[in-house]
Amino acid sequence: MNQSLKALILWKRSISAYMRRFSSFLAELAAFLIALFSGIALFSAAIFGGLLSAIISVGLDPARAQLITALLLAMGAALTGAIAGRRKVGAMLGAWLVFCFAYLAGFVQLELQPARDPGGHLELLNSAALFHTSLVIVALAILASFVGAAIGVALRETLLNPPFQLVRYIWRRTLSARAPDTAVILSQEATIGRASNAKILRRIIASWLGVAVIVASLVLATGASDLLIYAPDVGLHTLPVIPHKNSSPAHGTIVADSLVSPALNGQKKPFLVYLPPSYNTPQGATRRYPVLYLLHGSPGTDKDWFTGGKADQSADTLIALGKIPELILVLPDGNGRPGQTSEWANSFDHRQNIETYVTRDLVQYVDAKYRTIPQAAYRGIGGNSMGGFGAMNIAIHHPDVFGFVISLGGYYRAEGGIWGNNLAYMQANSPIDVLPSAKPAWKLHIFLGAATRDQPYYNYAKQFASELDHLHLPYHFDVQKGFHSWKIWQIQIYNALAWLQWGS
């Protein structure tokens, strides 16, 4: 091979390498711009609003639905960019950027606005929690964009690459036939061309940076469960500052406890307890307190009424204002067998006696260990959704145990799989069917909570209220504008705590 041919090959190599780098940059830029502009189109009011409405229609509240909608649209933008632009990184970056401007910026701006509790008192913003939540949301957006881009690349390779490869093959064959010398040169280039060590190192660093970003996002996303279960702003606003009229602490104490339940065949069940501010003080050492049991919905855990419902904060505030006497809150775990909701009831086969666990084992344990007033007139039970059903069902069956019942967003006819498809047993566990003949339960103090856009639960509550009217039984009906959400239940548990009249 003569010197001129070698020089030509080297020149072609350098030009080819430059063109490959430039082509790669253009491909990334194209993927970025396509994802960016498709994201802007997807986040338009028409598309965003339509998808948001569809997600809300399956039972989610607007706050969580907005986050999920934004993540899905970011995924769609990355997918579009990856299909059209053939690059994952550019597509991910474009989709993530749109998400940050279209959703995250508005979310942060909203949380920086003054927030008030159900009583109208200004809550304090936890800036560190807002920063952490923003990082978690950013991580979710990165993962959503990654998934969308990965799917886009896979679709392109499956659907578009075969015809593209065919066209390129035909073009190369044509080029080879017309310019054999060029083909020889290209062949020589392919044979002797090697990437420099610096280029290899850059590729390795870039790949490991990508790994680090995805791993960090996965780690941060593990903290997203509360955002998706309760609300994106969970934990961001804390107890308002309320002047105290006495020397008691400003906050109650939350303790974790558990018991081995005979009703559940020796199963160990955890629960949380809120002890009021004076409970552990010298002045409260001999004092006894009324108790309110709060049942979670499905899916749910024993922490729900503290994390999502802010029941402890509401109690602290109302106690500090002198609007309610101090009380104990008990939050049990009502999860039963895998694959079935417990409905806070005794199953037809009696292999899951959650109702007996609550009314006998738990109440006796709490009365024995904590300084309660062990009378129905000083004991209440409440809950949300499935917990609202469970609270009403249990209270009607056991008016000698509970004198007050709070049902928020609940239903009043038995549903679920624990009833053994036995119609008579389902009717015996349907408050709307049982109450007319359960005269001992007519002495119950009843608080119903519902939201105007929470269907079908709003209709269920109105039907039950109509029955109470027909029976001439007093009750309190709290109706809020909103959905099946913790935002509503935060307001209603605040109002319900103020409604309780212990001893009556």
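This text goes with the structure placed above it.
All of the points below concern the structure found in this document. Just so you know, these numbers come straight off a predicted model, no measurement behind them. Numbers given for residues are sequential positions, taken from 1 along each chain in its written order. Local features in this predicted model are restricted to residues of pLDDT 70 or higher, and side-chain atom pairs are both shown and tallied only at a pLDDT of 80 or more, whereas totals for entire chains, interfaces and linings draw on every residue. To get the side-chain values, all heavy atoms of the structure are used, and hydrogens and water are removed first.

**Comments concerning the overall build of the protein**
Spelled out, the test is: Where helices and strands are cited, they refer to DSSP runs of H or I of at least four residues and of E of at least two residues respectively, numbered from the N terminus. Note on exposure labels: buried denotes an accessible area under 20% of the residue type's maximum, exposed denotes more than 50%, and partly exposed covers the range between, all computed with a 1.4 Å probe on protein chains only. Between two residues, a contact is recorded if the distance between any of their heavy atoms is within 4.5 Å. Surface accessibility in these figures is a Shrake-Rupley result with a 1.4 Å probe; residues are shielded only by whichever protein chains are displayed.
Counting its secondary structure elements, the protein contains 16 helices and 10 strands. The buried share of the protein, taken over its 504 residues, is 47%. The contacts in the protein between residues at least 6 apart in sequence include a share of 76% that link residues at least 24 apart. A total of about 24,400 Å² of accessible surface is found on the protein, and carbon and sulfur atoms cover 62% of it.

**As for the sheet that holds strand β4 (residues 267-275)**
To keep things clear, this is the line we draw: Only when DSSP finds a minimum of two bridges between them are two strands counted as paired. Where helices are involved, their axes are fitted lines through C-alpha atoms of the stretch in contact, as for all axes, and angles between N-to-C directions lie from 0 to 180°.
On the basis of which strands lie adjacent, the open sheet formed by eight strands has the order β3-β4-β6-β5-β7-β8-β9-β10 and mixed pairing. The open sheet has two edge strands with one neighbour each: β3 (253-261) and β10 (476-480). Shown here is a sheet whose adjacent strand axes are inclined to one another by a mean of 20°, direction ignored. In this structure, strand β5 (residues 291-295) lies alongside strand β7 (residues 379-384), joined through five bridges in parallel fashion. Paired with Val291 across the strands is Arg379, a residue of β7.

**As for the side chain of Gln313**
Heads up, the rule is: Polar contact criterion, stated in full: a pair of N or O atoms within 3.5 Å, where within protein one must be able to donate a hydrogen and the other to accept it, and residues adjacent in sequence count only if both atoms are side-chain atoms.
Note on placement: Gln313 falls in helix α10 (residues 311-320). With relative accessibility at 19%, the residue Gln313 sits in the buried group. Looking at Gln313, its side chain comes within polar contact range of the main-chain nitrogen of Leu239, at 3.4 Å. Other than its neighbours up to four places away in sequence, Gln313 contacts Glu123, His237, Thr238 and Leu239.

**Side note on helix α16 (residues 486-499)**
Applicable threshold: To estimate how far a helix should extend, the number of its residues minus one is multiplied by 1.5 Å.
Look at α16: 19 Å from first C-alpha to last across 14 residues, which is about the 20 Å you get at 1.5 Å a residue. Of all 14 residues in α16, 10 are buried, a share of seventy percent or more. Of the residues making up α16, those classed as buried are Trp486, Ile488, Trp489, Gln490, Gln492, Ile493, Tyr494, Ala496, Leu497 and Trp499.

**Examining the pairing of strand β9 (residues 445-451)**
The condition is simple: For a crossover, the right-handed case is the one in which the path from the first strand over the helix to the second runs clockwise, viewed with the strands pointing away from the viewer.
The element β9 is largely enclosed, with a buried count of six among its seven residues. Across five bridges, strand β8 (residues 404-408) lies against β9 in parallel orientation. Paired with Ile406 across the strands is Phe447, a residue of β9. Pairing between β9 and β10: five bridges, direction parallel. Bridge pairing in β10 places Ala450 opposite Val479. Note that the unit made of β9, helix α15 (residues 457-470) and β10 has a crossover that is right-handed.

**Observations concerning the pairing of β5**
Two faces make up the sheet, and in a regular strand the side chains alternate between them. Counted residue by residue, β5 has five buried out of five residues, so it is predominantly covered. Side-chain alternation along β5 places Val291, Tyr293 and Leu295 on one buried face and Leu292 and Leu294 on a second face that is also buried. Summarising the sheet, β5 and strand β6 (residues 328-332) pair through three bridges and their orientation is parallel. Each bridged residue has a counterpart across the sheet, and for Val291 the counterpart in β6 is Ile328.

**Topic: the side chain of Ser430**
For Ser430, the position within the fold is in the loop between α13 (423-428) and α14 (431-434). Judged by its relative accessible area of 4%, Ser430 is buried. Here Ala414 takes part through its backbone nitrogen, which lies 2.9 Å from a polar atom of the side chain of Ser430. When near neighbours in sequence (up to four residues on either side) are disregarded, Ser430 contacts Asn393, Tyr412, Arg413 and Ala414.

**As for unusual backbone geometry**
Cis geometry marks the peptide bond from Ser298 to Pro299; its omega dihedral reads -5°. Relative to the assigned elements, Pro299 resides in the loop between β5 and α9 (304-307). Note that the residue after Gln455, namely Pro456, is joined by a cis bond; omega there is 5°. With respect to the secondary-structure elements, Pro456 resides in the loop between β9 and α15. Backbone geometry at Ser385 places phi at a positive 55°, although glycine is not the residue there. As for its placement among the helices and strands, Ser385 is situated in the loop between β7 and α12 (386-397). The exposure class assigned to Ser385 is buried, which follows from its relative accessible area of 10%.

**Examining the pattern of salt bridges**
For clarity, the threshold we go by: Take a side-chain nitrogen of Lys or Arg and a carboxyl oxygen of Asp or Glu: if they are within 4 Å of each other, that pair is a salt bridge.
Scanning the model with the defined rule gives nine salt bridges in all. Of the charged contacts in the structure, one is a salt bridge between Asp61 and Arg64, with a shortest N-O distance of 2.6 Å. For the residue pair Asp61 and Arg64, the accessibility class agrees, reading buried in each case. For Asp257, the salt bridge goes to Lys369, with nearest N and O atoms at 2.9 Å. With Asp257 in strand β3 and Lys369 in helix α11 (residues 354-369), this pair connects stretches of sequence that are 112 residues apart. Judged by relative accessible area, which is 46%, Lys369 ranks as partly exposed.

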